[in-house]
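Okay, here's what each chain looks like letter by letter:
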There are 2 protein chains.
Amino acid sequence: MTSASVWNSRGLRLRRVRDRLHEERLDGLLVSHLPDVRWLSCFSGSAGLLLVEPGSATLITDFRYRSQAAEETGEEIAVVIAESNLFEGLSRCLEEGGPGPRIGFDEQALSVGDRRALGEACGGVMWEPAGAIVPSLRSVKDPGEIESIERAVGVAEAALASVLDIVSEGITEADVAAELVYRLRKGGSESLPFEPIVASGERSALPHASPGQRRLGERDLLLLDFGAIVDGYCSDMTRTFVLGAAAPWQREVHATVHEAVDRAVEALEASVPTRDVDRASRDVIEAAGFGERFGHGTGHGLGLEVHEIPRLNARSRETLEAGNVVTIEPGVYLPGRGGVRLEEVVLVEEGGCRVLSAFPLSLQEL
Amino acid sequence: MTSASVWNSRGLRLRRVRDRLHEERLDGLLVSHLPDVRWLSCFSGSAGLLLVEPGSATLITDFRYRSQAAEETGEEIAVVIAESNLFEGLSRCLEEGGPGPRIGFDEQALSVGDRRALGEACGGVMWEPAGAIVPSLRSVKDPGEIESIERAVGVAEAALASVLDIVSEGITEADVAAELVYRLRKGGSESLPFEPIVASGERSALPHASPGQRRLGERDLLLLDFGAIVDGYCSDMTRTFVLGAAAPWQREVHATVHEAVDRAVEALEASVPTRDVDRASRDVIEAAGFGERFGHGTGHGLGLEVHEIPRLNARSRETLEAGNVVTIEPGVYLPGRGGVRLEEVVLVEEGGCRVLSAFPLSLQEL
């Protein structure tokens with residue numbers, strides 16, 4: 001993405017927030033969730049608030065980010081360096097001719113304590129819970145964002161292909177993770193969206209296992225769930241392998257999960273309720289008799305964060321939109337034996353979808 | 001640390017929380033900050049609430065952690081698997097004969113939205129902001145915790161020593177970071193406490209620079225700030241090097257920061273106000289004429305999190321206690337030229353302190 005297109009999208013994004021402020025009759029929006037701040041301002045530091053007003057936008061950050069904030073945000077966003085804490089900096093923006101009295105905030109992105117500090121520091125304002133305005137706008141990706149996610153998918157797939165060359169009996173899960181992380185970073189991943197899951201043998205039945213000192217053995221299942229970050233955008237992929245020849249039960253579980261992925265991907269298109277996609281994969285797993293062994297949702301949105309809206313699970317009440325990028329990741333976990341999870345990254349389109357991942361889903365015997 | 005000692009410390013920690021509940025006239029405490037949950041229950045998953053009552057403790061988590069929660073928590077803590085969300089699971093604990101009506105929560109560890117959801121799901125309870133009861137107890141480390149931090153310091157120092165062998169002109173910051181992370185993980189770091197900072201040349205003047213594609217050149221400053229995690233406990237260290245022969249200004253800045261570390265360490269002992277330690281390092285930097293170039297605090301507590309209380313800065317109003325483990329990390333940042341930061345990990349004791357890090361602070365020319 002050229003820097004000109006970043007600039008265009010930043011202007012467009014701020015305009016869309018302002019449209020929402022107008023609809024909600026708000027005089028401003030306090031953006032405190034850092035991925036939201038980054039999406040609107042390009043600022044990638046670890047401490048920042050963005051105040052969006054009808055005619056201006058101001059980033060409040062601290063000393064550590066003085067140079068970085070000026071470089072990243074460009075001239076349409078003013079930068080204020082807070083002296084003690086960010087709310088003190090914010091109060092100065094408001095005193096210096098801020099917007100009218102009703103300013104929205106995202107109630108999921110502010111702690112009870114910070115909400116109190118905000119009221120104390122900036123007393124003249126009516127702070128209004130405004131829902132997830134920015135996360136909701138962020139859930140529809142533009143072409144530049146999709147390109148970044150595709151690159152993050154590519155980095156993850158290349159790292160996986162490379163690490164499989166060194167996976168063999170006797171290596172520990174922790175060492176597989178170290179080798180995988182090395183290849184992710186050397187391949188261009190800026191950091192990691194989450195700590196990789198490397199789970200072997202019966203530990204693959206723990207959906208969120210941390211890599212441990214267990215050594216891989218013959219006929220073990222090996223589950224790898226990990227991602228890369230490119231331009232701040234995440235990928236997230238899962239594949240499950242077998243060391244040596246797969247046992248019939250391993251083949252059966254893998255085939256079931258594979259089919260569950262396929263059915264969910266077939267169901268994915270704009271205007272479909274998210275829970276229907278979950279239903280599509282869950283039906284396959286229930287029909288195979290593993291319904292009790294698939295206790296999590298089918299997937300989630302992906303972007304600057306690894307877990308975003310929309311959520312694809314049995315209780316979600318959202319509807320897919322063209323431009324959503326979501327994961328599809330059903331799994332079956334048999335306690336004491338092992339588990340299989342497979343995960344694709346998919347772009348929702350009108351009338352269908354496009355799978356952004358290319359690494360084969362079919363069972364590979366290492 | 002043997003598992004027997006983990007068990008002992010868990011019982012002791014719950015008892016100390018219950019003593020605080022008694023003092024505060026609370027009937028229970030809802031612990032929602034995950035490091036606090038882990039400290040009390042040993043549960044290391046990514047979704048959990050712990051309800052501490054006078055006669056019991058209950059961990060509420062989700063399907064993904066059923067086996068792990070049972071393994072990690074042991075029998076003194078009951079485990080409830082939530083069906084839809086954690087507050088739903090919590091409401092079942094309360095209905096099933098929970099404590100009296102006043103239950104405390106940490107207002108920094110609950111979002112405004114979650115506070116509302118909590119009230120809706122568990123309406124019969126009087127939820128009371130209770131301050132940072134667990135973080136405050138956690139700030140005093142026991143011998144097992146200190147041993148884990150020392151091991152994390154050792155892993156970080158060994159990784160740094162090893163990575164210096166491959167640092168030379170022409171390598172990118174991102175590749176130095178990839179090599180460093182590889183050595184941290186292979187050396188036993190379970191994950192990373194934070195994304196390593198690798199900043200070279202004039203970029204070392206950005207206190208929180210992300211490693212980029214800049215290639216190291218002759219006479220560059222090279223700042224590395226990173227840590228390891230062992231048994232869940234973090235280390236955090238910073239060293240600044242020069243590639244080739246250091247220029248006089250680089251020597252001067254480095255010597256100033258080195259002296260600032262030494263003065264702060266000399267000031268560290270139980271019963272000393274945290275701001276006096278900050279003052280000790282700041283005095284050195286101000287006397288050298290760089291006062292405006294040191295805009296952050298001198299250090300912070302370290303444990304299951306990389307930033308904990310106590311905070312050592314000009315505005316902090318805490319007093320050091322024996323058993324606090326803190327970093328000392330003054331820095332001087334000259335925009336457009338470069339910066340130097342040095343960081344030690346120090347255990348506060350009665351009448352003095354013990355530096356847990358051993359890697360030399362003196363300026364090393366690579």
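Our subject is the structure that appears above.
Residues numbered from 1 in each chain as written. Chains lettered and ligands numbered in written order. Predicted model: local features only at pLDDT ≥ 70, side-chain atom pairs only at ≥ 80, totals over all residues. Heavy atoms only, no water.

Participant: If you had to explain helix 2 (residues 34–41) of chain B to someone new, which residues and values would you point to?
Facilitator: Residue and element names in this part refer to chain B. Among the eight residues of helix 2, six are classified as buried, and the element is accordingly described as predominantly covered. When we look at burial in helix 2, the residues that qualify are Pro-35, Asp-36, Val-37, Trp-39, Leu-40 and Ser-41. Positive backbone phi, at 75°, marks Cys-42, one or two positions downstream of helix 2. (Buried < 20%, exposed > 50% of the residue type's maximum accessible area, 1.4 Å probe, protein only. Helix = DSSP H or I, 4+ residues; strand = E, 2+ residues; numbered from the N terminus.)

Participant: Let's hear about the sheet that holds strand 11 (residues 237–242) of chain A: which residues, and what values?
Facilitator: All names here are of chain A. Here three strands make up an open sheet; going across it, the order is 7-8-11 and the pairing antiparallel. The open sheet has two free edges, formed respectively by strand 7 (197–200) and strand 11, since each of these has just one partner strand. Across the sheet, the mean angle from the axis of one strand to that of its neighbour is 10°, orientation sign disregarded. Here strand 8 (residues 221–226) pairs with strand 11 via six bridges, running antiparallel. Its bridge partner lying in strand 11, Asp-225 is registered against Thr-238. Where helix 8 (residues 173–186) meets the sheet, its contacts fall on strand 7 and strand 8, and the angle it forms with strand 7 comes to roughly 145°. (Pairing = 2+ DSSP bridges. Axes fitted to C-alpha atoms, helices over the stretch in contact; angles between N-to-C directions. Contact = heavy atoms within 4.5 Å.)

Participant: I'd like a rundown of the relation of the copies chain B and chain A, residues and numbers included.
Facilitator: Overlaying chain B on chain A yields an RMSD of 0.0 Å, the required transformation being a rotation through 180° with an accompanying axial translation of 0.0 Å. This pairing of chains is accounted for by a two-fold axis. For chain B, the residue whose C-alpha comes nearest the rotation axis is Ser-111 of chain B, separated from it by 1.9 Å. An overlap of 100% is found between the interface residues of chain B and their copies at the interface of chain A, pointing to a shared contact surface. (Least-squares fit on C-alpha atoms with pLDDT ≥ 70 in both.)

Participant: Pulling in residues and values, what's your account of the packing of aromatic side chains?
Facilitator: Inspection of the entire model under this criterion finds seven aromatic pairs over all chains. Each ring, one from Phe-43 of chain B and one from Tyr-65 of chain B, has its centre 5.5 Å from the other, and the planes form 85°; the classification is edge-to-face. Here the residue Phe-43 of chain B occupies a position in the loop between helix 2 and strand 2 (49–53), and Tyr-65 of chain B occupies one in the loop between strand 3 (56–61) and helix 3 (66–73), the gap between them amounting to 22 residues. The residues Phe-43 of chain B and Tyr-65 of chain B share a single accessibility class, namely buried. Over the aromatic face of Phe-294 of chain A sits the side chain of Arg-282 of chain A, whose NZ or CZ is 4.1 Å from the ring centroid. (Phe/Tyr/Trp six-rings, centres within 6.5 Å; stacked < 30°, edge-to-face > 60°. Lys NZ or Arg CZ within 6 Å of the ring centre and 35° of its normal.)

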